[in-house]
Amino acid sequence: MPYALFPTALGTCALAWSERGITHLKLPEGDERATEAAIAACSSTERGAPPAAIAEAVELIQRHVAGEPRSMRHLKLVLDRQPLFHRRSYEELRRMAPGEVLTYGELAARIGSPGAVRAIGQAMRSNPIPIIIPCHRVLAAGRKAGGFSSHGGLDTKAKLLAAEGYALKRRARPMPTLASPALRRRAVEHLRSCDPKLAKLIESVGPLRLKPDPLSSPFESLAESIIFQQLNGRAASTILERYKRLYGEDGAHPSPADLLATPEEALRGAGLSRAKALTLRDLASKAGEGRLPSAAELDAMEDEEIIERLTEVRGIGPWTVQMMLIFRMGRPDVLASTDYGILKGFGLMVGPRAKSDAHALIARAERWRPFRSAACWYLWRALDTPGGRA
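Residues numbered from 1 in each chain as written. Predicted model: local features only at pLDDT ≥ 70, side-chain atom pairs only at ≥ 80, totals over all residues. Heavy atoms only, no water.

1. Here we look at the pairing of strand S2 (residues 11-18)
With six of its eight residues buried, S2 lies for the most part within the structure. Pairing analysis gives six bridges linking strand S1 (residues 2-8) to S2, with the strands arranged antiparallel. Within the sheet, the bridge partner assigned to Tyr3 lies in S2 and is Ala16. Between S1 and S2, which pair antiparallel and follow one another directly, the connecting turn spans two residues. Judged from the five bridges that link them, S2 and strand S3 (residues 21-26) form a sheet pairing that is antiparallel. Bridged to Ser18 within S3 is Gly21. Hairpin connection from S2 to S3: two residues lie between these consecutive antiparallel strands. (Buried < 20%, exposed > 50% of the residue type's maximum accessible area, 1.4 Å probe, protein only. Helix = DSSP H or I, 4+ residues; strand = E, 2+ residues; numbered from the N terminus. Pairing = 2+ DSSP bridges.)

2. Some words on the environment of Gly142
Along the chain, the position of Gly142 falls in the loop between strand S6 (138-139) and helix H6 (153-163). Take Gly142: its relative accessible area is 66%, and that puts it in the exposed class.

3. Digging into unusual backbone geometry
Backbone torsion omega between Arg369 and Pro370 reads 5°, so that peptide bond is classified as cis. Positive phi, close to 75°, is recorded for Ile131, a residue that is not glycine. Within the secondary structure layout, Ile131 lies in the loop between helix H5 (117-125) and S6. Classification of Ile131 as buried rests on a relative accessible area of 2%.

4. A short note on the pattern of salt bridges
Inspection of the entire model under this criterion finds 22 salt bridges. Residues Arg364 and Asp195 are paired through a salt bridge, measuring 2.8 Å at the closest nitrogen-oxygen approach. Of this pair, Arg364 sits in helix H18 (residues 358-365) while Asp195 is found in the loop between helix H7 (181-194) and helix H8 (196-205), placing the two residues 169 residues apart along the sequence. Its salt-bridge partner being Asp384, residue Arg381 comes within 3.1 Å of it at the nearest N-O pair. For Arg381, a relative accessible area of 24% translates into the label partly exposed. One continuous salt-bridge network, built from bridges that share partners, spans Glu59, Arg63, Glu68 and Arg70. (Salt bridge = Lys/Arg side-chain N within 4 Å of Asp/Glu carboxyl O.)

5. Here we look at the packing of helix H9 (residues 218-228) against helix H13 (residues 274-288)
One can describe the packing of H9 onto H13 by two numbers: an axis separation of 10 Å at closest approach and a directional angle of 170°. By the angle between their axes, H9 is roughly antiparallel relative to H13. Across the interface between the two elements, Phe219, Leu222, Ala223, Ile226, Ile227 and Phe228 of H9 pack against Lys276, Thr279, Leu280, Leu283, Ala284 and Ala287 of H13. When grouped by side-chain class, the residues that make up the contact of H9 with H13 number 10 nonpolar, one polar and one charged. (Axes fitted to C-alpha atoms, helices over the stretch in contact; angles between N-to-C directions. Parallel < 35°, antiparallel > 145°, perpendicular 65-115°, else oblique. Contact = heavy atoms within 4.5 Å. Nonpolar A, V, L, I, M, F, W, Y, C, P; charged D, E, K, R; others polar.)

6. Some thoughts on the side chain of Gln229
Assignment of secondary structure puts Gln229 in the loop between H9 and helix H10 (233-245). A polar contact of 3.3 Å, which involves the side chain of Gln229, links it to the backbone oxygen of Gly315. Sequence-distant contacts of Gln229, defined by excluding residues within four places in its chain, comprise Lys276, Gly315, Ile316, Trp319 and Thr320. (Polar contact = N/O pair within 3.5 Å; in protein donor to acceptor, adjacent residues only side chain to side chain.)

7. Some points on the sheet that holds S2
Read from one edge of the open sheet, four strands run S3-S2-S1-S4, paired in mixed fashion. Here the strands that pair on one side only, and so sit at the sheet edges, are S3 and strand S4 (46-47). Taken strand by strand, helix H1 (residues 32-40) contacts S1, S2, S3 and S4, and its axis lies near 20° from that of S2. Relative to S1, helix H2 (residues 52-65) is tilted by about 25°, and along the sheet it contacts S1, S2 and S3.

8. Section: the packing of aromatic side chains
This structure, assessed with the given rule, holds three aromatic pairs. Pairing Tyr243 with Tyr247 gives two aromatic rings, centres 5.8 Å apart and planes at 75°, and the pair type is edge-to-face. Seen in terms of ring centroids, Trp377 and Tyr378 are 5.0 Å apart; in terms of plane orientation they differ by 85°. Their pairing is edge-to-face. A residue is classified by how much of its surface remains accessible, and Trp377, at 5% relative accessible area, is buried. (Phe/Tyr/Trp six-rings, centres within 6.5 Å; stacked < 30°, edge-to-face > 60°.)

9. Considering the environment of Gly341
Here Gly341 shows up in helix H17 (residues 340-350). Its relative accessible area of 12% is what places Gly341 among the buried residues. Considered as a pair, Gly341 and Ala284 are 57 residues apart in the sequence and their alpha carbons are 29 Å apart. Each residue touching Gly341, except ones within four places of it in the same chain, is listed here: Leu379, Trp380 and Leu383.

10. What to know about the nonpolar core
Formed by 107 residues in total, the largest nonpolar core has its most connected members in Met124 and Trp368. Considering every element that reaches this core, the biggest residue donor is helix H19 (residues 372-381), with seven residues. Leu5, Ala14, Ala16 and Ile39 belong to the second-largest nonpolar core, a separate cluster that totals five residues. (Core = buried A, V, L, I, M, F, W, Y, C linked by side-chain atoms within 4.5 Å.)

11. As for the packing of H17 against H19
Two elements in contact, H17 and H19, have axes whose closest approach is 7 Å; the angle formed by their N-to-C orientations is 80°. With respect to H19, the axis of H17 lies roughly perpendicular. Note on element contacts: H19 touches H17 through Cys376, Leu379 and Trp380, opposite Gly341, Ile342, Gly345, Phe346 and Met349. Its residues placed into classes, the contact of H17 with H19 shows six nonpolar, two polar and no charged.

And the structure:
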């Protein structure tokens, strides 16, 4: 299956085709070599001269990206390997005019599957032919930016929308965080006033000592969260130190390239399970490809957007991202409702006669908004009280 590279206002793109039509399009991957490697990985075998129909597609994409939007609905695409749900989503998107946007929920409703927001997100991430299938026009609830899995992330999404005359609204200032002593005081005052049982726990535990460790690198923070998954703190800390020592005695994290070059046997020797080693390698791969948002990009994103974007990494679920949101980013309103320690602390707080499962926790936590992160911290600390130790 042949492919061709071609210049655009975004950088070098790549297009692959068969005798039936276009099969893949790759947006710029940082440099021409990386873009060519990405398109070659999509079952493409050789670089070739585009036939007339493909040459027309190349010209339309170049003009579109340069700010001269053109209809591309007539271009023939090969989508046989995509699930039916994905194909229905793509067909609906191709009916949209340049500059028109809709949310994940609105797209799900349009194809007759209201509520299938997460499935729409998966379809957008799997889109093999961006621009022609304009997944950049799909926004998060409230017309917020949402995610974008191509290299460059939200910056690339904003440029594609700008070429169509739509200005993507980005948060101008970072979200407030619990790094602020004033916000921590407000959190405690609110929790005391809204929940008598939580007020008693606060009285027993004392001041809120949740002071986030600043997020310097999403890659490093997520690597630590992966290592800590399903382990107690002491065991995880030991493995983390062994992992870091693989790359030097200074205790620094490896770069994504260094991690990818590390044999799996070495990672297993540091105490990592095979599953965690594979997760770390997938994280490093996505970081090296520019598919992880930067710390500055994360600061401007809503909590749900961050969870949606980072759970694209193999082995990273909502809990892992929630821990980063609470302990590294200091987001004030995160509820880790599946965390064993929080559920245990919640049971201690409400007492043995009350329901204390995840559903009960979620329902009661509505009164704790917008400071559910602080409530989680106190529920963890409930295990250190005399009743919790018993």
